[in-house]
Amino acid sequence: MSLYEDAVLVLKTYEDQPELRRTYLDHLSAHPDGMWKACEAGHLTASALVMAPERGQVLLTLHRKLNMWLQMGGHCEPQDVSLTAAALREATEESGVAGLTLLPGGPVRLDRHPIPSPCNWHLDVQYAALAPAGAVEAISDESLDLRWFGYDEVARVADESVVRLMEAARARL
């Protein structure tokens, strides 16, 4: 199964956010290259909120280009066999945490947001990743900083999309 086919299947089985889910599926139908950064009309991305539920914390990255506290994530790559693989790869690369596992049940949320030209949109498929006990993070080249925040601190440092993702992930826990 190709990454494109996997994404269509994931979105067809995702039960929340029906209007946004339809937008994603329509985009992929109209853009066979909609999985890749080169698709200027917009493209799917995969992200994961790294969580340590036993500590009541999430790990956020201060994004180098956007200067915003965000979950780990980014563009799909040719070696990604699935959206879950892309999300897990991005979370591991950007957090430096070994042994992450995705929360079962598929994506936690979808978030469509505008990005600077030449592309127009990121259609983010958002997962939650659980950090193993004693996880040690390591900052990547894509980040200005990497920090654990208590659940109650996230709304003060991150935008509403991160807060919604955290709330949805906590509800699934």
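Residues numbered from 1 in each chain as written. Predicted model: local features only at pLDDT ≥ 70, side-chain atom pairs only at ≥ 80, totals over all residues. Heavy atoms only, no water.

Chemist: Let's hear about the pairing of strand β2 (residues 57–63): which residues, and what values?
Modeler: Every other side chain in a regular strand lies on the same face of the sheet, so the side chains alternate between the two faces. Most of β2 sits inside the fold, with six of its seven residues counted as buried. Note that strand β1 (residues 43–52) and β2 share three bridges and pair antiparallel. By the bridge assignment, A52 is partnered in β2 with Q57. Counting the residues between successive antiparallel strands, the hairpin from β1 to β2 contains four residues, one of them, G56, with a positive phi of roughly 65°. Pairing of β2 with strand β3 (residues 69–70) involves two bridges; the strand directions are antiparallel. Bridge assignment links L62 to a residue of β3, and that residue is W69. Between β2 and β3, which pair antiparallel and follow one another directly, the connecting turn spans five residues, one of which, N67, has a positive phi of 50°. (Buried < 20%, exposed > 50% of the residue type's maximum accessible area, 1.4 Å probe, protein only. Helix = DSSP H or I, 4+ residues; strand = E, 2+ residues; numbered from the N terminus. Pairing = 2+ DSSP bridges.)

Chemist: Could you give me a rundown of the packing of aromatic side chains, with the residues and numbers involved?
Modeler: Counted under the stated rule, the structure contains one aromatic pair. Both rings, one in W69 and one in F149, keep their centres 5.0 Å apart while their planes meet at 80°; by these two values the pair is edge-to-face. With a gap of 80 residues between them, W69 in strand β3 and F149 in strand β8 (residues 143–150) connect regions that are remote in the sequence. You can call F149 buried: its relative accessible area is 4%. Residue placement shows R55 over the ring face of W148; its charged tip is 4.3 Å from the ring centre. Here R112 stacks its cationic end above the ring of W121, 3.6 Å away from the centre of that ring. (Phe/Tyr/Trp six-rings, centres within 6.5 Å; stacked < 30°, edge-to-face > 60°. Lys NZ or Arg CZ within 6 Å of the ring centre and 35° of its normal.)

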